[in-house]
Amino acid sequence: MRIVILGAGYAGLRTALDLARLRREHALDVTIQLVDQYPYHQLIQLLHLTATAGIADQKTIYQLDRLLQGREIERVEGRVTAIHPLERAVVLADGRTLTYDRLVIALGSETAFNVPGAREYTLPLHNFTHAVALRKHIVAQFTKAASLTDPTELRITMTTAIVGGGYTGCELAGELAVWADDLCRQTGAPRTEVRIALIERENQLLPHFGKWASDEAVRRLERLGVNVFLNTPVVQVEPQRLRFADGRILRAGTIVWGAGVRAPALLAEAGFPTDRMGRVLVDRYLRVDGQAFIFAIGDCAAVSDGRGGFLPPTASYAVRQGAHLAEVLAAEAQGKAPRAYEPVELGEVVSLGPNDAIGNALGVPVVGYPAVLLKRGIEEYYRATIESA
Ligand SMILES: Cc1cc2nc3c(=O)[nH]c(=O)nc-3n(C[C@H](O)[C@H](O)[C@H](O)COP(=O)(O)OP(=O)(O)OC[C@H]3O[C@@H](n4cnc5c(N)ncnc54)[C@H](O)[C@@H]3O)c2cc1C
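Given the structure is predicted, the values throughout are model-derived calculations rather than measurements.

Trainee: Quick question: what am I supposed to make of the nonpolar core here?
Mentor: Of all hydrophobic cores here, the largest spans 56 residues; its most connected members are Val163, Cys170, Ala173, Ala217 and Leu221. Ranked by the residues each element gives to this core, the list is headed by helix H7 (residues 167-187), at nine residues. Split by domain, the residues of this core number at least three in each of domain 1 (2-109 + 263-346) and domain 2 (118-257). Non-local contacts of Cys170, meaning those with residues more than four positions away in its chain, are made with Gly165, Leu205, Leu206, Ala217, Leu221, Val350 and Leu352.

Set out below in structure tokens:
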């Protein structure tokens, strides 16, 4: 059975590694191809650290050749541009075509630039390249500010506006607020002029966490010097300028767009049923609705939460779906009935700068240093699972 996995992120890499292990354990007759546009696996959860010099670049990415060494997983580097279910074929940007018996779609999500001007005039933070570009931009702004004398220009240059109060926005705002001390020392930019605005359309931050977490996050971020604006929809972006629904304007030399994600357009173009975020609808076995041989997992899949909604796009769900799908595929390869996927809510932790975090562990709220330790533990555990699978 030829299994092609699209995307070597949290979900796709997990499926590939676990399937290779199950093949060894059960002598399965399967071949595994893992396709990604990059030669590396990215720890997207750490991009806010890469963007603020909080971690060495080489700790945010793993070269796939190193991770896959000795595991008999064929790595294919290429950008997927189309999927043709009837021909059981995947087309890459360079014209190559891959055929499959079973296809796993784990292509993650993209930044949703859902406001006019956002795509043109803001910086996203959704992959390693974005993070490095954002860091260079921020350093350049602070360096420029050190020699400015015009107060208006100085104010704009030293203002960073982060749109979107989810993981990306909260984690970046917290990290930047602390990094600003070092950055001002290194560049000579005036610390008193640093302004960080975190702008959220809804009445709370971190929508998947509940009101208590939002209140805690606002309090803790404001303590670090971040100005949090709730109930503040952005309706238009222009160069160095955000326009809000109530007519107010904020001018900022750095505007980061973290206000939503959507699945890659090629999934709807392939004819798969999708939800309003472009995610592919799947059944309890993570199989795409109406497709016998195609599965979808992670951010690009709309997986039922069992309560009438869909699971949120998080790395922890992506990893567990990846592991489950490896079992489903192994069962199919052995002619056995697969087990249905049951989501388990283990909880999430969000960092608010290097020394603070909030989260819930199995439904129990956790804040401050214990949450920081928990976050580090989750990261180390994840690293161990991919390095030693
Ligand atoms: C800044 C930031 C912080 C976050 N923090 C957290 C956190 O603290 N906790 C948490 O649980 N979640 C967090 N998330 C969300 C989490 O990162 C995602 O839910 C997770 O990455 C989803 O995993 P995935 O495997 O579905 O997709 P990804 O990890 O994005 O992997 C998708 C893969 O597909 C590849 N790909 C995409 N399109 C193509 C194509 N056309 N051709 C070839 N390859 C392609 C990509 O290169 C990538 O390797 C954060 C996200 C961001 C952006």
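Trainee: Would you mind showing me how to read unusual backbone geometry here?
Mentor: Leaving glycine aside, a negative phi is the common case for residues, and trans is the common case for peptide bonds. If you check the backbone angles, Ala53 has positive phi at about 60 degrees while not being a glycine. With respect to the element layout, Ala53 can be found in the loop between helix H2 (47-51) and strand E4 (61-63). Here Ala53 falls in the partly exposed class, since 16 other C-beta atoms lie within 10 Å of it.

Trainee: Even after reading the chapter, I still don't get the UniProt feature "domain: FAD/NAD(P)-binding" (unreviewed entry) in the protein, so can you show me in this structure?
Mentor: Under the UniProt annotation, the feature "domain: FAD/NAD(P)-binding" (unreviewed entry) is placed at residues 1-322. Between the end C-alpha atoms of residues 1-322 there is a gap of 18 Å, over a span that is 32% helix and 25% strand.

Trainee: Help me out: how do you make sense of helix H11 (residues 369-387) in this one?
Mentor: Three- or four-residue spacings in an α-helix give side chains the same orientation, since the helix completes a turn every 3.6 residues. Between its first and last C-alpha atoms H11 spans 27 Å; for 19 residues at 1.5 Å apiece the expected length is 27 Å, and the two agree. Within H11, burial applies to Ala371, Val372 and Lys375. Axial view of H11: buried residues confined to an arc of 110 degrees, hence all on one face. For H11, exposure combined with an orientation more than 90 degrees from the buried face picks out Tyr369, Gly377, Glu380, Tyr381, Ala384 and Glu387. Looking at the buried residues of H11, the elements they touch are strand E23 (347-351), strand E24 (357-361) and strand E25 (364-367).

Trainee: It is not clear to me how the sheet that holds strand E9 (residues 102-105) should be interpreted in this structure. Could you clarify?
Mentor: Each strand in a sheet pairs with another by means of backbone hydrogen bonds, the pair being arranged parallel or else antiparallel. Read from one edge to the other, the open sheet built from five strands follows the order E5-E2-E1-E9-E21, with strand pairing classed as parallel. Here the strands that pair on one side only, and so sit at the sheet edges, are strand E5 (74-77) and strand E21 (294-296). Each neighbouring strand pair of the sheet contributes to a mean axis angle of 20 degrees, computed without reference to strand direction. Relative to E5, strand E2 (residues 31-36) runs parallel, the two sharing four bridges.

Trainee: What should I look at first to understand the sheet that holds strand E16 (residues 241-244) in this one?
Mentor: Taken in spatial order, the three strands of this open sheet run E15-E16-E17, and their pairing is antiparallel. A single partner strand is all that each edge strand has here, and the edge strands are strand E15 (234-238) and strand E17 (249-251). Adjacent strand axes in the sheet meet at a mean angle of 20 degrees when their direction is disregarded. In the sheet, E16 pairs with E17 via three bridges, with the strands oriented antiparallel. Paired with Arg243 across the two strands is Ile249, which belongs to E17.

Trainee: How should I be thinking about the environment of Leu205 in this particular structure?
Mentor: Its place among the elements puts Leu205 in the loop between strand E13 (195-199) and helix H8 (211-223). When the C-alpha positions of Leu205 and Phe229 are compared, they lie 9.7 Å apart, and in sequence the two are 24 residues distant. Not counting the four nearest positions on each side in its chain, Leu205 is found in contact with Gly165, Cys170, Glu200, Ser214, Ala217 and Val218.

Trainee: Please explain the domain arrangement of the protein as it appears in this structure.
Mentor: Frequently, the measure chosen for interface size is the accessible area that the parts lose on association. Along its sequence, the protein is organised into domain 1 (2-109 + 263-346) and domain 2 (118-257). The distance between the C-alpha centroids of domain 1 and domain 2 comes to 32 Å. At the junction of the two partners, domain 1 supplies 13 residues and domain 2 supplies 14 residues. Looking at the side of domain 1 that touches domain 2, the element that brings in the most residues is H2, giving five residues.

Trainee: Please clarify how the pairing of E9 should be interpreted in this entry.
Mentor: Here is the key point about a regular strand: its side chains alternate between the two faces of the sheet. Of the two faces of E9, the one carrying Arg102 and Val104 and the one carrying Leu103 and Ile105 are both buried. Alignment of strand E1 (residues 2-6) against E9, held across four bridges, turns out to be parallel. Counted as the bridge partner of Ile3 is Arg102 from E9. Two elements, E9 and E21, share three bridges in a ladder whose sense is parallel. Paired with Ile105 across the two strands is Ala296, which belongs to E21.

Trainee: I keep staring at the packing of helix H5 (residues 128-145) against H7 and nothing clicks. Help me out?
Mentor: Two quantities define a packed helix pair, namely the angle between the axes and the distance from one axis to the other. Interhelical geometry of H5 versus H7 gives an angle of 50 degrees and a closest axis separation of 9 Å. By the angle between their axes, H5 is oblique relative to H7. In this structure, H5 crosses over H7, and the sense of that crossing is right-handed. The residues of H7 that touch H5, namely those facing Val139, Phe142 and Thr143, are Leu183, Cys184 and Thr187.

Trainee: How do you make sense of the environment of Leu373 when you look at a structure like this?
Mentor: Take Leu373: it is sitting in helix H11. Sequence separation between Leu373 and Val349 is 24 residues; the distance between their C-alpha atoms is 10.0 Å.

Trainee: I tried to follow the packing of helix H1 (residues 10-26) against helix H10 (residues 315-333) on my own but got confused; where do I start?
Mentor: Their axes nearest at 7 Å, the elements H1 and H10 cross at an angle of 30 degrees. Between H1 and H10, the angle falls in the class roughly parallel. Regarding H1 and H10, the two cross each other, and that crossing is right-handed. Across the interface between the two elements, Tyr10, Ala11, Gly12, Arg14, Thr15, Asp18, Leu19, Leu22 and His26 from H1 touch Ala315, Ala318, Val319, Gln321, Gly322, Ala323, Leu325, Ala326, Leu329 and Ala330 from H10. When the residues that make up the contact of H1 with H10 are grouped by side-chain class, the tally is 12 nonpolar, five polar and two charged.

Definitions and cut-offs
- Residues numbered from 1 in each chain as written.
- Predicted model: local features only at pLDDT ≥ 70, side-chain atom pairs only at ≥ 80, totals over all residues.
- Core = buried A, V, L, I, M, F, W, Y, C linked by C-beta atoms within 7 Å.
- Buried ≥ 20, exposed ≤ 12 C-beta atoms within 10 Å, placed from the backbone.
- Helix = DSSP H or I, 4+ residues; strand = E, 2+ residues; numbered from the N terminus.
- Domains from an automatic or database assignment.
- Contact = placed C-beta atoms within 7 Å.
- UniProt positions renumbered as here; feature names shortened; annotations may be inferred.
- Expected span 1.5 Å × (residues − 1).
- Arc of directions from axis to C-beta.
- Pairing = 2+ DSSP bridges.
- Axes fitted to C-alpha atoms, helices over the stretch in contact; angles between N-to-C directions.
- Parallel < 35°, antiparallel > 145°, perpendicular 65-115°, else oblique.
- Left-handed = near helix turned anticlockwise from the far one by under 90°.
- Nonpolar A, V, L, I, M, F, W, Y, C, P; charged D, E, K, R; others polar.

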